[in-house]
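The primary structure of each chain is shown beneath.
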Amino acid sequence: MSYDIQTIKSLEKKWQEFWKDNKVFEVKEDTKIPKYYVLEMFPYPSGKIHMGHVRNYTIADVIARMKKMQGFNVLHPIGYDAFGQPAENAAIKHKTDPSKWTNRCIEEMHEGFEKMGFSYDWSREIATCDKDYYKWNQWIFLKMMEKGLAYKKASSVNWCPSCETTLANEEVIQGECWRCKSEVTQKDLNQWYLKITDYSEKLLEDLDTLKDWPERVVAMQKNWIGKSYGVEIYFKVERTGENLPVFTTRQDTIFGATYVVLAPEHPLVSNLIKGIPQEKEVAAFCEKIAKVSKTDRIAGGLKKEGIFIGSYAINPVNNEKIPIWVADYVLMEYGTGAIMAVPAHDQRDFLFAKEHKLPMCIVIQDSKRPDISSDVLDEAYEDEGVLVNSEQFNGIGNVDSLKKISDWMEKEKIGKSVVHWRLRDWLISRQRYWGTPIPVIYCDTCGVVPVFEKNLPVVLPEDIKITGEGGSPLAKCKDFVNVKCPKCKKDAKRETDTMATFFDSSWYYLRYCSAHNEKEVFSKKDADYWMPVDQYIGGIEHAILHLLYSRFFTKFFKDLGLIKFDEPFTRLLTQGMVLKDGEVMSKSKGNTVDPDAVIEKYGTDALRLSILFAAPPEDQLEWNDNAVEGAWKFLSRVSHYIDDRFTSGQSEEKDFDDEDKELNRQINGTIKKVTEDLSNYKFNTAISALMILLNHAEKYKYADPKQGLVNQTCKVFALLLAPIAPHLCEELWQKIGKKDKTISEVAWPTYDEKALVVDEVLVVAQVNGKVRGKFQVPLDADEASLREIVLSDDKIKEHVAGKTIKRFIIVPNKIVNIVV
RNA sequence: GGGCAAGUGGUGGAAUGGCAUACACGAAGGACUUAAAAUCCUUUGGUCGAAAGACUAUGAGGGUUCGACUCCCUCCUUGCCCACCA
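Counting from 1, residues in each chain are numbered in the order their sequence is written. Labels are handed out in written order, letters beginning with A for the chains and numbers beginning with 1 for the ligands. Local features are withheld for residues below a pLDDT of 70 in this predicted model, meaning they are given only at 70 or higher, and side-chain atom pairs are given and counted only at 80 or more; totals for whole chains, interfaces and linings count all residues. Side-chain numbers come from the whole structure's heavy atoms, not from hydrogens or water.

Chemist: Describe the overall build of chain A, with residues and values.
Modeler: When helices and strands are counted, chain A shows 27 helices and 34 strands. With the principal axes as the frame, chain A shows a C-alpha extent of 105 × 90 × 50 Å. Note on contacts: a residue pair qualifies if any of its non-hydrogen atoms lie within 4.5 Å across the two residues. When contacts within chain A are restricted to residue pairs at least 6 apart in sequence, long-range pairs at least 24 apart make up 73% of them. Of the roughly 37,500 Å² that chain A leaves accessible, carbon and sulfur atoms contribute 50%. We count a stretch as a helix when DSSP gives it H or I for four or more residues in a row; a strand needs E for two or more, and each element gets its number in order from the N terminus. The Shrake-Rupley method, run with a 1.4 Å probe, gives the accessible areas here. Residue values count only the displayed protein chains as cover.

Chemist: Pulling in residues and values, what's your account of the sheet that holds strand β30 (residues 621-622)?
Modeler: A pair of strands is considered paired only if DSSP assigns at least 2 bridges between the two. In space, the three strands of this open sheet follow the order β29-β28-β30, with mixed pairing throughout. Bordering the open sheet on either side are β29 (583-584) and β30, each of which pairs with just one other strand. In the sheet, strand β28 (residues 578-580) pairs with β29 via two bridges, with the strands oriented antiparallel. Considered in β29, the bridge of K580 is made with E583.

Chemist: Describe the pattern of salt bridges, listing the residues and the values that go with them.
Modeler: The term salt bridge refers to a side-chain nitrogen of Lys or Arg lying within 4 Å of a carboxyl oxygen of Asp or Glu. Following the criterion strictly, the structure yields 40 salt bridges and no others. We note a salt bridge from E114 to K20, for which the minimum N-O separation is 3.4 Å. Of this pair, E114 sits in helix α4 (residues 98-116) while K20 is found in helix α1 (residues 5-21), placing the two residues 94 residues apart along the sequence. Only protein chains enter the accessibility calculation, which uses a 1.4 Å probe. A residue is then buried if its area is under 20% of the maximum for its type, exposed if over 50%, and partly exposed in between. Among the residues examined, K20 registers a relative accessible area of 47% and is labelled partly exposed. K48 is paired through a salt bridge with D594; the nearest N and O atoms lie 3.7 Å apart. With K48 in the loop between β1 (35-40) and α2 (51-69) and D594 in the loop between β29 and α18 (595-602), this pair connects stretches of sequence that are 546 residues apart. Taken together, the shared-partner salt bridges in this structure form one network comprising K202, D206, R551, K555, K558, D566 and E567.

Chemist: Explain the nonpolar core to me, using residue names and the numbers behind them.
Modeler: Take the buried residues of types Ala, Val, Leu, Ile, Met, Phe, Trp, Tyr and Cys, join any two whose side-chain atoms come within 4.5 Å, and each joined set is a nonpolar core. Ranked by size, the top nonpolar core spans 187 residues in total, and within it F553 and W623 carry the most contacts. For this core, the element with the highest residue contribution is α2, accounting for ten residues. The contacts of F553, once residues within four sequence positions are left out, are I140, M144, L194, W426, F503, S506, W507 and Y509. Formed by 40 residues, the second largest nonpolar core is a distinct cluster that contains A257, V342, M409 and I414.

Chemist: Residue-level account of the protein's contact with RNA strand B, with values.
Modeler: Think of it this way: one heavy atom of a residue within 4 Å of a molecule or strand is enough to make that residue near it. Not every one of the 52 residues close to RNA strand B is listed here, only the nearest: T249, K304, R348, A614 and K774. Each atom of RNA strand B within 4 Å of the protein belongs either to a base or to sugar and phosphate, the latter forming 62%. Y329 places a main-chain nitrogen or oxygen 2.5 Å from a sugar or linking oxygen of RNA strand B. At 3.0 Å from a phosphate oxygen of RNA strand B is found a side-chain nitrogen or oxygen belonging to N684. With six residues, the top contributor of residues to the surface near RNA strand B is helix α22 (residues 683-699). Pairs of N or O atoms within 3.5 Å make up the polar contacts considered here, provided that, within protein, one atom can donate a hydrogen while the other can accept it, and that residues adjacent in sequence are counted only when both atoms are side-chain atoms.

Chemist: Got a sec to walk through the environment of E730? Specific residues and values, please.
Modeler: As for its placement among the helices and strands, E730 is situated in helix α24 (residues 726-736). Residues E730 and L719 lie eleven residues apart in sequence; the distance between their C-alpha atoms is 9.1 Å. Apart from the residues lying within four places of it in its own chain, the contact partners of E730 are W15, W19, T742, I743 and S744. In this structure the side chain of E730 is engaged in a polar contact, spanning 3.0 Å, whose partner is the side chain of W19. At 2.8 Å, the side chain of E730 and the backbone nitrogen of I743 are in polar contact.

Chemist: Can you explain α2? Please cite residues and give values.
Modeler: One less than the residue count of a helix, multiplied by 1.5 Å, gives the span that helix is expected to have. Taking 1.5 Å per residue, 19 residues should reach 27 Å; α2 reaches 27 Å between its end C-alpha atoms and fits that length. α2 sits mainly inside the fold: 17 of its 19 residues count as buried. One or two steps after α2, the chain reaches G71, where phi turns positive at roughly 100°.

Chemist: I'd love a proper account of unusual backbone geometry, names of residues and values included.
Modeler: Going from L456 to P457, the amide bond is cis rather than trans, its omega being -5°. Position of P457 relative to the elements: it lies in the loop between β22 (447-450) and α13 (478-481). Here M531 and P532 are connected by a cis peptide whose omega angle stands at -5°. Despite not being glycine, E391 shows a phi value in the positive range, around 50°. Relative to the helices and strands, E391 resides in the loop between β17 (386-387) and α12 (398-412). Unusually for a residue other than glycine, N768 sits at a positive phi of about 50°.

Chemist: Can you tell me about the confidence of the model for chain A, naming the residues and giving the values?
Modeler: Mean pLDDT over chain A stands at 89; residues scoring 70 or higher make up 96%. By definition, pLDDT measures how confident the predictor is in each residue, and it falls between 0 and 100. Looking over chain A, one finds the lowest element-wise mean pLDDT in helix α10 (residues 294-299), namely 54, and the highest in strand β2 (residues 73-75), namely 98. Under the prediction, the complex receives an ipTM of 0.94, its pTM being 0.91.

Chemist: Describe the sheet that holds strand β23 (residues 482-484), naming the residues involved and giving the relevant values.
Modeler: Reading across from one edge, β22-β21-β24-β23 is the order of the four strands in this open sheet, with antiparallel pairing throughout. Two strands lie at the open edges of the sheet, namely β22 and β23, each paired on one side alone. Neighbouring strand axes in the sheet, compared pairwise and without regard to direction, differ in orientation by 40° on average. Alignment of β23 against strand β24 (residues 491-494), held across three bridges, turns out to be antiparallel. The residue of β24 that forms the bridge with V483 is A492. Orientation is described by axes fitted as lines to C-alpha atoms, over the contacting stretch for helices, and by angles from 0 to 180 degrees between their N-to-C directions.

Chemist: Which residues make up a negative patch on the surface, and what values do they have?
Modeler: Each patch groups residues whose relative accessible area exceeds 30% and which form no salt bridge, using 9 Å between like charges and 5 Å between nonpolar side chains of Val, Leu, Ile, Met, Phe, Trp and Tyr. Positive: Lys, Arg. Negative: Asp, Glu. His and the chain ends are not part of the count. The location of each charge is read from NZ of Lys, CZ of Arg, CG of Asp or CD of Glu. A grouping of D378, E379, E382, D383, E384 and D400 is seen on the molecular surface, where their side chains present a negatively charged patch. Tracing the backbone through its elements, the reader meets D383 in the loop between β16 (364-365) and β17. For D383, a relative accessible area of 52% translates into the label exposed.

Structure, rendered in structure tokens:
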């Protein structure tokens, strides 16, 4: 076969059609065969595929194809996360509608995936904007309502003024909208929430079972869930006697509290300032802070603003009277919205106290510089030490005192141990059009009425004008909004908000198990067989959002009795970004490389190979055109090797000479290495092992070869390379294998342990740790013979001469080190 | 401020206690060719040396070890994530 781009392109097309026409990668549940579920995070359909997709999905495809050859029943599906705002924005820009735009993008992507030769089960392709899919979003929502997990509440929410919608906490990155980077403001709205916090403990605990997840993803989730143990201490307002609980994790510093601070939104504030001289001033301050966005609050940095509100609090441990302040650095959402300030031992309190000339009281003494006083401190002392000025607790180490103090407070009923979580309930209402309608109806008589299950789906009307100017388009669609109440049949109105699209993607992996089931959200039996996902692959950017939500849904489904497992994804791989000139490839930066153009020039297999060879999958990958060129060359050499050397109809030879044995050893060693490396995502070293074998095989004697050995080499190349460069290997297999099977159905090669054994090994000899010689010695040579071989060498003698040998260290079959 | 990664030739990277720089890219030289492309061969961390070879080198500095890119401590730099979270 001639190896030129035209030939390659036509054979790639030929095999892609063959796989599709013969449904090679469509699978059925079969309990007699072990299953393997390979899943990549499904794409947002935004147009043609980019290098990021190519990398993510090539990694998944190699794993899926290898597992299939290894005899697993492999589920490898794909679909589209098709709802969401970009479609709406694109529709406005191109004067089309989101549905048309999305469908065109899906077609383009589908085509791109076929061109990459990915081994998908196309019969399970899904799109979340399809009513057969989002019907089940609505069904899940109703189930959650039933269980009290979906509820509506009025609250101050994150609002993106540019997207004109609310955002979940997880979608606010450094005070900015995760999508458009606009500054997020706060707004009071009545919105739908999912009670993910009911699962806080479970979500945290089960992280420990995820042994095959990257540690940093686990760490990020732990951080986000944010469990902290502390004490709620009951301060009292001196004037009114009202209870004023504060939350702290540093109860060891309670005797050092010199003032109390409330968040500006704290409900006590307005009561306490009523009628006092500075009422207006304080109210104005609180109002001012409430308006400031979170970004600005943070950007203000260390400068902390606050004001005394005219009342005092009583510290229950010593009945001391300390002033109550309001300040911008205390957040209403965390703890009780009130803190005790210990300026001597908390840097934020320290800065605030200095700024406002508030007193300090040292209660932890640094053993290295005893007798420091508050006047000499230039920052808070936050390290460990021994308690002072703390009555009966004096002299105890502050860490040891934590439990002692909380126990004592509980006994005295002046506080209680509590656990606080950082995780908030998940706000899912979005004031946007292109999403799943929330299946709820508002009736003046019956109140909030869920749509009956039999009336699902609530279909998203598609003939709608999207202008992008103010308000949800659905709210303007009278046919959609005006309905009869399902309970009392009087006039009622539909909810016009749609669901956040992260809802859609929180369970799609279950839907793939029975993708077109019309009766159920997914079939229990199919989910039992396929789930959990054995290998999940996607970007690190989903480390918190999508992965946390999916874990939450899984736990919810388990509680519903629909599934039997706790965690959806057994093994997780987060692949690195594709960069060009040191920056992430993006359309806005104009540094993208079009996969199509690369395929045009070098073919799909070369693209796949080069992207895997260039870097380990978790690292960033700097794109380099030359790398594809190199991949092309390698594939060409493999192809030529098999064309030139393979001869059919030869029987196996037995009497191997040394050169034959060496080739045989390398063949078996390569099978071992490639099998292990591919299983551990070490694609780059697997490929280099194949290159090494080729370099060696090409040098193997041409004149008098053992043909059986050569044929075996050819087969090993085709089989080991098949998951990476499937088109070429299919073609090569036609020449060297049985023609009734595609190479993807041929068994993965195994290696012969015996062939790996050598009778001689190269042992490195060191003198004082420096390499001074290398020796071929018999395998497992004993100390005496090693001493004899090594010490009789002239060069070693030279380095040892005139010195006494103190030690003779032997690492069997590897190294000897003579210490003189 | 907290957490987690990472730092190795001209470049991507390999080696996770035992020959540092595998494999590849790039570069230089050569063969084939009227010529070019393609292909093949050779060289390629640095310094000294004609060579044999010696010394030196994995961000910096210390430590453990017969032996350290690898383990420990301190520091520097870069990237990512979180962050007035009490």
